[in-house]
Amino acid sequence: MGEETSKTGYKLLRGLSFKPNGLKGGFKASGFIFGLVALENMGFVSNVLILFSYFMKDLSFNIPGAANTVTNFMGSTFLLSIIGAFISDTYISRFHTCLIFGVIEVVAFAIMTIQAHATSLHPKPCGGKASCMEGGVGFMFYTSLALLALGSGGVRGALAPFGADQFDTMKPKGLTAQGSYFNWLLLSTTLGATVGVTGFVYVSTNHGWWWGFLLATITSSLGYTLFLLGKPFYRIQAPKDSPLLRVTRVFVASVNNRNLALPENSEELHESSKNEPLMGKKLSRTAQFTWLDKAAVVPKDSKPSELAPWEICTVTQVEEVKILIRMLPIILSTVVMNTCLAQLQTFSQAQGNFMNKKLGKLDFPAGSIPVIPLVFMSILLPVYEFFFVPFARKFTKHPQGITQLQRVGVGLVLSAISMGVAGIVEVKRRNQSRLHPLEPISLFWLSFQYGIFGIADMFTLVGLLEFFYKEAPVGMRSLATSFTWISVSLGYFLSSVLVDIVNSVTKRVSPSKKGWINGLLLDNNNLNLFYWLLAVLSLINFAVYLLSAIKYKYKKEDDELLKTEMASTTTSVAMVSASEDELPKSTIQEDPPVGETTVESNEDVKNVKAPNEGVNDGKEHEALKAES
């Protein structure tokens with residue numbers, strides 16, 4: 001993709017440009033995105049952490065009811081990211097998708113503020129049932145949760161790939177910078193969440209839950225305003241053909257052509273000879289899932305031009321579907337880790353409520369304990385980026401030090417360790433509470449499980465986001481990136497299902513005829529056994545992940561690019577540190593002057609490169625369609 005000259009009318013913001021001619025994209029554009037992520041997560045993360053206590057204390061939920069409501073809400077939030085991804089890939093740009101769903105998120109926080117503030121909108125206690133919500137109060141409650149899930153989820157489906165779009169991966173420097181972008185995106189999330197977890201949670205706990213929702217309304221509004229101000233600096237891609245529709249066409253065509261024989265020469269499979277600049281690069285055929293290749297078989301006595309899109313597909317379209325299928329085991333292998341994450345936002349909060357919260361003279365809220373892993377991550381992310389990556393690159397010759405799948409693997413192991421430690425801490429907490437109920441152990445014992453899992457999340461989340469974005473076809477990047485959030489979603493839903501299953505089974509086999517997790521008193525539960533069950537499941541899950549990662553085959557085009565990048569460690573480091581003017585001419589891809597278009601031919605495929613490529617420009621769109 002090319003970069004375009006900025007036409008900003010903001011003289012003050014123009015000073016942020018890193019180059020005299022003010023090229024769009026790069027870190028100067030993603031800086032606005034980092035600001036939005038930090039401000040939005042101040043409110044969202046802090047309120048997720050207080051929801052469990054808010055549900056129990058003000059809305060009369062019991063422990064499993066509150067836990068399942070939180071996990072179902074979080075699962076819905078991340079599942080709905082696919083809505084934002086689909087819309088931004090198909091109908092409107094990722095920029096406008098973020099703004100629309102951002103408004104929905106702000107409205108949801110405002111409604112939650114009103115309900116939390118007005119006690120008349122709280123349900124009456126109903127004797128320890130899972131939920132006491134009913135009538136108009138229940139309608140308002142569930143409507144606000146649904147809007148928050150839709151708004152926040154829709155933004156997450158489009159924002160991460162929109163930020164990655166700001167980097168020109170056709171240039172070596174842009175390719176490396178894009179890898180750093182995902183690290184800084186997580187750092188922005190962490191810094192924002194740190195402020196929210198400490199300040200917002202403290203205010204909510206001590207002055208009323210409605211304060212947390214009000215602060216979230218304010219900070220998210222400021223975040224989306226900042227995001228809007230950055231528009232003159234963004235590279236905005238035009239939406240393309242529906243990715244889900246393209247996937248469906250391949251499956252339909254392969255089923256319809258199932259009786260046709262594959263040609264001995266794979267070059268006889270259908271591939272469009274016309275240039276398709278808005279759909280991305282053409283992909284080479286791979287040997288996996290050959291039954292899908294029948295979608296590209298041209299029937300005898302037929303011409304591809306005479307067949308409908310549902311009757312025949314190109315090799316590139318088939319390969320796009322193969323890529324998505326290859327990603328599925330990776331997605332499913334990270335679900336259990338996100339189930340572990342759900343426990344830190346529910347049952348670990350319940351543990352904190354029965355522990356000594358004193359930090360000197362300060363009464364430290366249980367909901368603020370996640371600040372410990374957030375501080376770890378805030379320190380470790382710059383260390384990882386500036387020290388570990390250059391050090392590891394010397395040995396691995398990989399541009400990012402280690403591969404994305406290796407990062408995910410490290411995170412999965414650490415998540416299993418975190419659950420094992422959580423079980424040990426719960427045994428200590430429960431024994432102390434039973435023997436000396438007036439002398440509970442310190443809240444900061446929870447920092448061990450939170451700290452280990454925080455580091456695990458640092459490795460896994462960034463690894464998945466970068467993996468799905470880079471491996472996905474250009475027209476499916478929002479959809480593929482949303483796979484990360486879908487994994488989180490499935491983890492939360494699995495948590496709810498697992499709690500119900502464990503309680504159902506243990507009620508039948510335990511002498512007390514009670515489940516491991518039940519009622520309002522944590523001391524009467526066996527939460528430690530539930531944590532250890534998750535640790536065992538995490539280890540089994542890691543073994544499955546190893547098999548999936550070993551068998552995974554990267555895109556051929558990415559393999560070749562990595563070989564070029566890894567040819568020399570010295571050259572790779574030089575590309576990152578040197579300016580484009582200092583790089584050898586052979587490594588620079590010059591942008592054409594403004595107003596000019598260069599055309600290169602490669603056999604029968606034309607590649608059009610325009611300075612405005614990727615920008616939603618109606619006239620250019622029509623010109624490209626005419627050219628093809």
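Up top you'll find the structure we're talking about.
Residues numbered from 1 in each chain as written. Predicted model: local features only at pLDDT ≥ 70, side-chain atom pairs only at ≥ 80, totals over all residues. Heavy atoms only, no water.

**Q** Which parts of the structure should I look at to understand the overall build of the protein?
**A** Looking only at helices and strands, one finds 20 helices and 4 strands in the protein. A total of 628 residues make up the protein; the buried ones form 54% of that total. Residue pairs in contact within the protein that sit at least 24 positions apart in sequence constitute 80% of those at least 6 positions apart. Counting only carbon and sulfur atoms, one obtains 64% of the accessible surface of the protein, whose full area is about 27200 Å². (Helix = DSSP H or I, 4+ residues; strand = E, 2+ residues; numbered from the N terminus. Buried < 20%, exposed > 50% of the residue type's maximum accessible area, 1.4 Å probe, protein only. Contact = heavy atoms within 4.5 Å. Areas by Shrake-Rupley, 256 points an atom, 1.4 Å probe, with all protein chains shown as cover.)

**Q** Whenever I open this one, the side chain of Thr90 confuses me. Can you help?
**A** Tracing the backbone through its elements, the reader meets Thr90 in helix α4 (residues 81-90). On the basis of relative accessible area, Thr90 is assigned to the buried category, the value being 12%. When residues no more than four places from it in sequence are discounted, the contact partners of Thr90 are Pro239, Lys240, Ser242 and Pro243.

**Q** When you look at the side chain of Asn528 in this model, what are you seeing that I'm missing?
**A** As for its position among the elements, Asn528 is in helix α17 (residues 527-551). A polar contact is formed between the side chain of Asn528 and the side chain of Arg430, at a distance of 3.3 Å. Setting aside residues no more than four positions away along its own chain, Asn528 makes contact with Gly423, Glu426, Val427 and Arg430. (Polar contact = N/O pair within 3.5 Å; in protein donor to acceptor, adjacent residues only side chain to side chain.)

**Q** Got a minute to help me understand the nonpolar core in this structure?
**A** Core analysis: the largest hydrophobic core is formed by 142 residues, its most contacted members being Phe55, Phe227 and Met327. Counting residues per element, this core draws most heavily on helix α2 (residues 27-57), at 14 residues. The contacts of Met327, once residues within four sequence positions are left out, are Phe467, Phe468, Glu471, Ala472, Ala480, Phe483 and Tyr552. (Core = buried A, V, L, I, M, F, W, Y, C linked by side-chain atoms within 4.5 Å.)

**Q** Even after reading the chapter, I still don't get helix α16 (residues 477-509), so can you show me in this structure?
**A** Note that an α-helix has 3.6 residues per turn; residues three or four places apart therefore point the same way. Taking 1.5 Å per residue, 33 residues should reach 48 Å; α16 reaches 48 Å between its end C-alpha atoms and fits that length. The largest bend in α16 comes to about 30 degrees, at Thr484. (Expected span 1.5 Å × (residues − 1). Bend = angle between axes of the 7 residues up to and from the residue.)

**Q** What is the right way to read the packing of α4 against helix α6 (residues 135-164) from this model?
**A** For any two helices packed against each other, one specifies the inter-axial angle together with the distance between the axes. Between α4 and α6, the shortest axis-to-axis distance is 6 Å and the interhelical angle comes to 50 degrees. Here α4 lies oblique to α6, going by the angle between them. You can see that α4 and α6 cross each other, and the crossing is right-handed. Of the residues in α6, those in contact with Ser81, Gly84, Ala85 and Ser88 of α4 are Gly153, Gly154, Arg156, Gly157 and Ala158. The residue makeup of the contact of α4 with α6, split by class, is 2 nonpolar, 6 polar and 1 charged. (Axes fitted to C-alpha atoms, helices over the stretch in contact; angles between N-to-C directions. Parallel < 35°, antiparallel > 145°, perpendicular 65-115°, else oblique. Left-handed = near helix turned anticlockwise from the far one by under 90°. Nonpolar A, V, L, I, M, F, W, Y, C, P; charged D, E, K, R; others polar.)

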